[in-house]
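The lines below spell out each chain.
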Amino acid sequence: KAYLKNFCHDGTKLEVLDMHSGKMYSSNIDDIAVEKDFYTLEKLDDPYVWERGYGEGIEPEMAETLRSIIAKASLPVRDNTYILTKDDKARLAFIMVIQMLRGKQCREYMRKIFRKELPLVIEQVRASLGGFNEKQLTLIKAVGNDEFYFKDSISSVTVDPDRIINYASLLGQYSFIIYRLQGNAEFVTSDNPVMFVNYATNDPTPFRNGLLQPTTIVYFPIAPKLMLSAIHPSVSSSITAPIDGILIDLFVPNENSFIVDINRNQMQQC
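Here we summarise the structure given alongside this text. Computed from a predicted structure; not experimentally measured. (Residues numbered from 1 in each chain as written. Predicted model: local features only at pLDDT ≥ 70, side-chain atom pairs only at ≥ 80, totals over all residues. Heavy atoms only, no water.)

## Quick word on the pattern of salt bridges
Counted under the stated rule, the structure contains 16 salt bridges. Here Asp261 and Arg264 are joined by a salt bridge, their closest N and O atoms 3.8 Å apart. Pair noted here: Asp261 and Arg264 are both in helix H8 (residues 256–269), with a separation of 3 residues, about one helical turn. For Asp261, a relative accessible area of 23% corresponds to the partly exposed category. Overall, Arg264 belongs to the partly exposed group, its relative accessible area being 42%. When salt bridges that share partners are traced, they join Glu61, Asp87 and Arg91 into one network. (Salt bridge = Lys/Arg side-chain N within 4 Å of Asp/Glu carboxyl O. Helix = DSSP H or I, 4+ residues; strand = E, 2+ residues; numbered from the N terminus. Buried < 20%, exposed > 50% of the residue type's maximum accessible area, 1.4 Å probe, protein only.)

## Notes on the packing of helix H1 (residues 49–74) against helix H2 (residues 86–102)
For the pair H1 and H2, interaxial distance at closest approach is 10 Å and the crossing angle is 130°. Taken together, the axes of H1 and H2 lie oblique to each other. Taken as a pair, H1 and H2 cross one another with a handedness that is left-handed. Every residue of H2 that contacts H1 at Tyr54, Ile58, Glu59, Glu61, Met62, Glu64, Thr65, Leu66, Ile69 and Lys72 is listed here: Asp88, Arg91, Leu92, Phe94, Ile95, Ile98, Gln99 and Arg102. Considering only residue class, the contact of H1 with H2 consists of 9 nonpolar, 2 polar and 7 charged. (Axes fitted to C-alpha atoms, helices over the stretch in contact; angles between N-to-C directions. Parallel < 35°, antiparallel > 145°, perpendicular 65-115°, else oblique. Left-handed = near helix turned anticlockwise from the far one by under 90°. Contact = heavy atoms within 4.5 Å. Nonpolar A, V, L, I, M, F, W, Y, C, P; charged D, E, K, R; others polar.)

Given below as structure tokens:
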């Protein structure tokens, strides 16, 4: 809600496209991109520790940062004005990394890794211990079949400080641009709003385009008329004028094809 409210024209409702049914409808932001107990871990003494951690530690930071950036970009400043500071970039990089890691796309990607690696890990432990007793075999079976163990393991991995710092530092080396729409068009967003696109192939498939790849461009819509773009340093360094932190106006209908392409990719990858 902290993120989606920036897309509400009346403060509460959005127009939504359900990708499964193909239907469009108007909905309150309370009911969008919601999955019951997504972060809940019932077997812990505090089942809501992760949910509260996001709600108290991360989402207020996200709300304040986005509010500040949107306010800067909404001022009557000229095209090609530098509006992002180093602190803005660091905070935005942190938000984008967290938003990517905590979402459903990343969880399903990590689930594939979990299923692939678990048998290998079990065999390594079996060889190290020389076999398992009945109690250990029962636990191993539970780890492979009980959703709790998967969610518990990936929850701590998701918010691992070293991992987040490494990703955010890497993303922070990119050049950040704020695109501002001028005219009758808007950026759409989704339940997976931080989008990684291969600019050479225009492929937005999640986890196919890594931050180390020079062809990767990151897009993150932050309001209907505003979108953050992050460009690999090897690409931005080839541009004559420095672009890091700049505000660029996109005029409709001149940039219609770019806007449509971005929105189509956002739909395809969510």
